[in-house]
Amino acid sequence: ENMKEQICDDTEKDDIVSKLHRILHPFMLRRLKRDVAKNLPSKTEIVTYVGMTDGQRELYQAIVKDMSGLAKQLREANCRGAGGGSLLNKLMQLRKCCNHPYLFADSDETDEQIVLMSGKIVVLDKMLKDLFAKNHKVLIFSQFTKMLDILEDYFFVRGWEKNVCRIDGSVHFTERQSQIDGFNDEVRYVARSLTSSSSHKTQTKQNSGKNIFLLSTRAGGVGINLASADTVIIFDSDWNPHMDNQAQDRAHRIGQKKDVFVYRFVVEGSVELKILERANNKRSLERLTMAGNFGG
């Protein structure tokens, strides 16, 4: 009898979805990217599970057990980034802990500890060395602009600061466009004189050297074309999966010539698993309601 009830419920749900599609069809034109650009290279998303460092694990447990006590300790230590000594919204603090402890208490020294303190940057460091050796261009998205600051410090430690572009909500439109052009300018032609007295000139190829682009997820949306990149790293996920999808599409779009790989960092045994689960549920709901052929 339970099986009969389940079959009836499933049939009723299918009827509701079919009715919804019939109602929406006259009012909706929906073309998928694969229908418009049939030769577009593939996009593969890989969830990369990351472990916490010892420092992150201790901080995470402290937030779970007694957030007010942690706030008091940070206030007494006069730590920068402690939010004036008050930590509101436990969920947000857990997310910050998963990224980097420096989001709570920044260090005055920019050294190797910036890598060793965060499990995500340990993994990122290993990945980037391999990606750069194979001449890949990389987009890195984060929800937190202060996390982008920490990543810039990390690139300074590695000596890659001249290879980095950045866009967040504070970057002016004209500067945005110049950074996008610099990142996409894979080969520039520079005119040089053959001799100091000659008027004849030759053109030589010179790479722009930009192969890292840091973006805040909400600011790096529509209108940004970074199709010269073939690797996307979602450093921390958004509750709204559409924001992350929009971020990925900065690289996976018309003009892309290579297969795109998206690496989504998720800390094991943390609140980020719940965020990923919630986002996947929203994606499933979208696939269910928008599965009709609205393009006709």
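Quick note: structure is the one above.
Procedures and definitions
Residues numbered from 1 in each chain as written. Predicted model: local features only at pLDDT ≥ 70, side-chain atom pairs only at ≥ 80, totals over all residues. Heavy atoms only, no water. Pairing = 2+ DSSP bridges. Helix = DSSP H or I, 4+ residues; strand = E, 2+ residues; numbered from the N terminus. Axes fitted to C-alpha atoms, helices over the stretch in contact; angles between N-to-C directions. Contact = heavy atoms within 4.5 Å. Phe/Tyr/Trp six-rings, centres within 6.5 Å; stacked < 30°, edge-to-face > 60°. Buried < 20%, exposed > 50% of the residue type's maximum accessible area, 1.4 Å probe, protein only. Lys NZ or Arg CZ within 6 Å of the ring centre and 35° of its normal. Salt bridge = Lys/Arg side-chain N within 4 Å of Asp/Glu carboxyl O. Parallel < 35°, antiparallel > 145°, perpendicular 65-115°, else oblique. Nonpolar A, V, L, I, M, F, W, Y, C, P; charged D, E, K, R; others polar. Patch = residues over 30% accessible without salt bridge, like charges linked within 9 Å, V, L, I, M, F, W, Y side chains within 5 Å. Areas by Shrake-Rupley, 256 points an atom, 1.4 Å probe, with all protein chains shown as cover. Core = buried A, V, L, I, M, F, W, Y, C linked by side-chain atoms within 4.5 Å.

Draft legend 1. Layout of the sheet that holds strand 6 (residues 212–216). Taken in spatial order, the 6 strands line up as 1-8-7-2-6-3 in an open sheet, and their pairing is parallel. The sheet terminates laterally at strand 1 (43–50) and strand 3 (164–167), the two strands that pair on one side only. This sheet shows a mean twist of 20° between the axes of neighbouring strands, independent of strand direction. Bridge count for strand 2 (residues 138–142) against strand 7 (residues 231–234) is 4 bridges, and the pairing is parallel. Within strand 7, the residue paired with Ile140 across the bridge is Ile233. The strands touched by helix 7 (residues 119–133) within the sheet are strand 1, strand 2, strand 6, strand 7 and strand 8 (260–267), with strand 8 carrying the most contacts at an inclination of about 160°.

Draft legend 2. The packing of aromatic side chains, seen in detail. If you walk through the whole model with that rule in mind, you get 6 aromatic pairs. For the pair Tyr154 and Phe155, a centre-to-centre distance of 5.0 Å together with 50° between the ring planes defines the contact as tilted. Taking the relative accessible area as the measure of exposure, Phe155 reaches 0% and is therefore buried. For the pair Tyr154 and Trp160, a centre-to-centre distance of 6.2 Å together with 90° between the ring planes defines the contact as edge-to-face. With relative accessibility at 17%, the residue Trp160 sits in the buried group. Ring-pair connections join several aromatic residues into one group, and the members of that group are Phe132, Tyr154, Phe155 and Trp160. Taking NZ or CZ as reference, Lys96 lies 4.9 Å from the ring centre of Phe104, over its face.

Draft legend 3. Structural detail: the pattern of salt bridges. Per the stated rule, a full pass over the model turns up 14 salt bridges. Two residues, Glu272 and Lys120, come together in a salt bridge whose shortest N-O distance is 2.7 Å. Taken together, the residues span a long stretch of sequence, with Glu272 in helix 11 (residues 271–289) and Lys120 in helix 7 at a distance of 152 residues. The exposure class of Lys120 is buried, given its relative accessible area of 1%. One network of salt bridges, with partners in common, ties together Glu112, Asp125, Lys129 and Arg158.

Draft legend 4. The packing of helix 3 (residues 54–65) against helix 5 (residues 90–99), seen in detail. It is at 9 Å that the axes of helix 3 and helix 5 come closest, and there the two elements cross at 175°. With respect to each other, helix 3 and helix 5 are oriented roughly antiparallel. Taking contact as the criterion, the partners of Gln56, Leu59, Tyr60, Ile63 and Val64 in helix 3 are, on helix 5, Lys90, Gln93, Leu94, Cys97, Cys98 and Asn99. Here the contact of helix 3 with helix 5 is composed, by residue class, of 7 nonpolar, 3 polar and 1 charged.

Draft legend 5. Inspection of a nonpolar patch on the surface at higher detail. On the surface, Val47, Tyr49 and Leu273 cluster together into a nonpolar patch covering about 240 Å² of accessible area. You can see Leu273 is positioned in helix 11.

Draft legend 6. Region of interest: the environment of Gly51. Position of Gly51 among the secondary structure elements: in the loop between strand 1 and helix 3. Sequence spacing of Gly51 and Val267 is 216 residues, and the spatial spacing of their C-alpha atoms is 5.8 Å. When sequence neighbours within four positions are dropped, the list of residues in contact with Gly51 reads Gly119 and Glu268.

Draft legend 7. Here's a closer look at the nonpolar core. If you look at the biggest cluster of nonpolar residues, it comprises 28 residues, and the most contacted ones within it are Leu124, Leu128, Ile140, Leu151, Tyr154, Phe155 and Ile233. The set of elements that each furnish at least two residues to this core consists of helix 6 (113–116), helix 7, strand 2, helix 8 (145–158), strand 6 and strand 8. Setting aside residues up to four positions removed in sequence, Phe155 forms contacts with Leu128, Ile140, Trp160, Glu161, Val164, Ile212 and Leu214. Leu215, Leu226, Ala229 and Ile234 belong to the second largest nonpolar core, which has 17 residues in total.

Draft legend 8. Quick peek at the pairing of strand 8. Within strand 8, 7 of the 8 residues are buried, which leaves it mostly tucked inside the rest of the structure. Pairing of strand 1 with strand 8, which is carried by 8 bridges, proceeds in the parallel orientation. Among the inter-strand pairings, Thr44 is bridged to a residue of strand 8, identified as Phe261. Bridging between strand 7 and strand 8 involves 4 bridges; their strand directions are parallel. Residue pairing for strand 8: Ile233 is matched across the bridge by Tyr263.

In short, shape yes, function no, at least from these values alone.
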